[in-house]
Amino acid sequence: MRLLYIDIRWKTGLWRFCAGARTMLITFEGVDGSGKSTQIELLVSRLESSGHRVTLVREPGGTAVSESVREILLDKTHRITPFAELLLFSAARAQLCEEVIGPALAQGHVVVCDRFTDSTLAYQGGGRGAAPISWLRSFNERVTGGLVPDRTYYLAIDIQLARRRSTARLVGGDGESEDRMEASGEAFFKRVAAAYDELATEEPDRILRLDATLGVDAIHAQIRDDMAALVAARNRSTARR
Ligand code: Z5A
């Protein structure tokens, strides 16, 4: 019953109304090493210092169940089939949406998510070919209860440069080694990047493509300005109601 209620609320967009002007779901996308975490940290501190209540989550993860699923997914000793991989990422997301993202939006928080449904389209759709993109889109809708990001920042980068950044970090000595997804090979990541480019072309109103080869501050300035415009537009539309 509760599930059904949440589903209806999200599908009708009522959760936005309940949550007021600040309710926004912001997601970051791009290949590993594109600079998502760096930009998220800057955006979150900016939002918090301007008075927004922010919930920050990552995918897969963000709940006890989803973090356990993450461990399975990234464990290099596992051989996981493409469709099973899709279901595992989606299970982690369903739990996160119901347990954290939905309630945070309902309380008026800005939710910032390190990866969301576009990752599934790009990695499991474009990269693995686990299912057609159109099928994945409607599956994602079921998994999230119809939740769609208000803005997605896509950090576009050449695969080899992203790889060099990630490798430098690994060599840099935080003790981590390549995980199961990172070990998927260059051809896989090229398909993922191509899928991301296509998504950004298909949904220019939602997905903002950013040049991830620019300096950290230059990228942040674009995100900061875009967010300011987004918040102002949201406040205007709430004031009109
Ligand atoms: N996955 C999936 O397949 N399907 C799904 O549905 C979902 C996920 C949700 C999760 O990985 C994996 O799951 C991921 C996709 C898959 N697999 N891969 N491969 P994760 O959570 O462990 O990590 P990640 O999300 O892939 O990203 P990351 O490793 O955290 O990297 P990043 O956040 O994009 O980059 P960063 O840490 O901010 O920066 C990387 C380095 O570059 C670092 O040393 C920075 O200081 C440096 N950096 C950052 N920005 C710049 C600029 N502008 N110039 C120069 N250097 C920079």
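Structure report, in brief. None of these values were measured; they are calculated from a predicted model. (Residues numbered from 1 in each chain as written. Predicted model: local features only at pLDDT ≥ 70, side-chain atom pairs only at ≥ 80, totals over all residues. Heavy atoms only, no water.)

1. So, the overall build of the protein
(1) Moving on: Counting its secondary structure elements, the protein contains 10 helices and five strands.
(2) Moving on: Buried residues in the protein amount to 47% of all 241 residues.
(3) Moving on: Of the contacts made within the protein by residues no fewer than 6 positions apart, 80% connect residues no fewer than 24 positions apart.
(4) Moving on: Roughly 11,600 Å² of accessible area belongs to the protein as shown, and the carbon and sulfur atoms make up 55% of that amount. (Helix = DSSP H or I, 4+ residues; strand = E, 2+ residues; numbered from the N terminus. Buried < 20%, exposed > 50% of the residue type's maximum accessible area, 1.4 Å probe, protein only. Contact = heavy atoms within 4.5 Å. Areas by Shrake-Rupley, 256 points an atom, 1.4 Å probe, with all protein chains shown as cover.)

2. What to know about the sheet that holds strand β3 (residues 110–114)
(1) Moving on: Strands sit in the order β2-β3-β1-β4-β5 across an open sheet of five strands; the sheet is parallel. Edge strands, defined here as strands with exactly one partner in the open sheet, are β2 (54–58) and β5 (207–211). Ignoring strand direction, the axes of neighbouring strands in this sheet form an average angle of 20 degrees. (Pairing = 2+ DSSP bridges. Axes fitted to C-alpha atoms, helices over the stretch in contact; angles between N-to-C directions.)

3. Things to note about the pattern of salt bridges
(1) Moving on: Throughout the structure, instances matching the rule amount to 15 salt bridges.
(2) Moving on: A salt bridge links Glu-67 to Arg-58, with the nearest nitrogen and oxygen atoms 2.8 Å apart.
(3) Moving on: A salt bridge links Glu-186 to Lys-190; the nearest nitrogen and oxygen atoms lie 3.3 Å apart. One end of the pair is Glu-186 and the other is Lys-190, both in helix α9 (residues 186–202) and four residues apart, which spans about a single turn.
(4) Moving on: The partly exposed category is assigned to Lys-190, whose relative accessible area is 47%. (Salt bridge = Lys/Arg side-chain N within 4 Å of Asp/Glu carboxyl O.)

4. Quick look at the pairing of strand β1 (residues 24–29)
(1) Moving on: Counting buried positions along β1 gives six out of six residues, so the element sits mostly inside the fold.
(2) Moving on: Every second residue of β1 is oriented toward a common face, with Met-24, Ile-26 and Phe-28 on one face and Leu-25, Thr-27 and Glu-29 on the other, all of them buried.
(3) Moving on: Judged from the five bridges that link them, β1 and β3 form a sheet pairing that is parallel. Among the inter-strand pairings, Ile-26 is bridged to a residue of β3, identified as Val-112.
(4) Moving on: As defined by bridge partners, β1 adjoins strand β4 (residues 151–156) across four bridges and the pair is classed as parallel. Paired with Thr-27 across the strands is Thr-152, a residue of β4.

5. Digging into the nonpolar core
(1) Moving on: Counting 46 residues, the largest nonpolar core has Ile-26, Phe-28, Val-112, Tyr-123, Ile-223 and Met-227 as the members making the most contacts within it.
(2) Moving on: Looking at this core, the element that brings in the most residues is α9, giving eight residues.
(3) Moving on: Sequence-distant contacts of Ile-26, that is, excluding residues within four places in its chain, are made with Leu-43, Val-110, Val-111, Val-112, Cys-113, Arg-151, Tyr-153, Met-227 and Leu-230.
(4) Moving on: Core analysis: the second largest hydrophobic core is formed by 12 residues, Val-57, Leu-96, Ile-101 and Phe-116 among them. (Core = buried A, V, L, I, M, F, W, Y, C linked by side-chain atoms within 4.5 Å.)

6. Structural notes on the site of the ligand
(1) Moving on: Taken together, 27 residues are adjacent to the ligand, and Asp-32, Lys-36, Ser-37, Thr-38 and Arg-169 come closest.
(2) Moving on: With respect to the ligand, the side chain of Gln-124 contributes an N or O atom lying 2.8 Å from a nitrogen atom.
(3) Moving on: In the complex, 83% of the free accessible area of the ligand, which totals 1,100 Å², lies under the protein chains.
(4) Moving on: Mapped onto the shell around the ligand, the elements with two or more residues apiece are α3 (36–49), α5 (82–106), α6 (117–127), α8 (159–171) and α10 (216–240).
(5) Moving on: A per-element tally of the shell around the ligand places α6 first, with four residues.
(6) Moving on: Across the shell around the ligand, the residue classes tally to nine nonpolar, nine polar and nine charged. (Near = heavy atom within 4 Å. Polar contact = N/O pair within 3.5 Å; in protein donor to acceptor, adjacent residues only side chain to side chain. Nonpolar A, V, L, I, M, F, W, Y, C, P; charged D, E, K, R; others polar.)

7. Some details on the packing of α6 against helix α7 (residues 133–144)
(1) Moving on: Running from amino to carboxyl end, α6 crosses α7 at an angle of 145 degrees, the nearest separation of the two axes being 10 Å. Viewed along their axes, α6 and α7 form a crossing whose handedness is right-handed. Contact with α6, carried on its side by Thr-117, Thr-120, Leu-121, Gln-124, Gly-125 and Gly-126, involves Ile-133, Leu-136, Arg-137, Asn-140 and Thr-144 of α7 and no other residues of that element.
(2) Moving on: Classifying every residue of the contact of α6 with α7 gives three nonpolar, seven polar and one charged. (Left-handed = near helix turned anticlockwise from the far one by under 90°.)

8. Describing the packing of aromatic side chains
The description of two aromatic rings rests on the distance between their centres and on the angle between their planes.
(1) Moving on: If you walk through the whole model with that rule in mind, you get eight aromatic pairs.
(2) Moving on: Taken together, a centroid distance of 6.0 Å and an interplanar angle of 50 degrees make the contact between Phe-83 and Trp-135 tilted. Separated by 52 residues along the polypeptide, Phe-83 in helix α5 and Trp-135 in helix α7 bring together distant segments of the chain.
(3) Moving on: Judged by its relative accessible area of 39%, Phe-83 falls in the partly exposed class.
(4) Moving on: Take Trp-135: its relative accessible area is 38%, and that puts it in the partly exposed class.
(5) Moving on: Ring geometry for Tyr-123 and Tyr-196: centres 6.2 Å apart, planes at 85 degrees, overall edge-to-face. With Tyr-123 in helix α6 and Tyr-196 in helix α9, this pair connects stretches of sequence that are 73 residues apart. (Phe/Tyr/Trp six-rings, centres within 6.5 Å; stacked < 30°, edge-to-face > 60°.)

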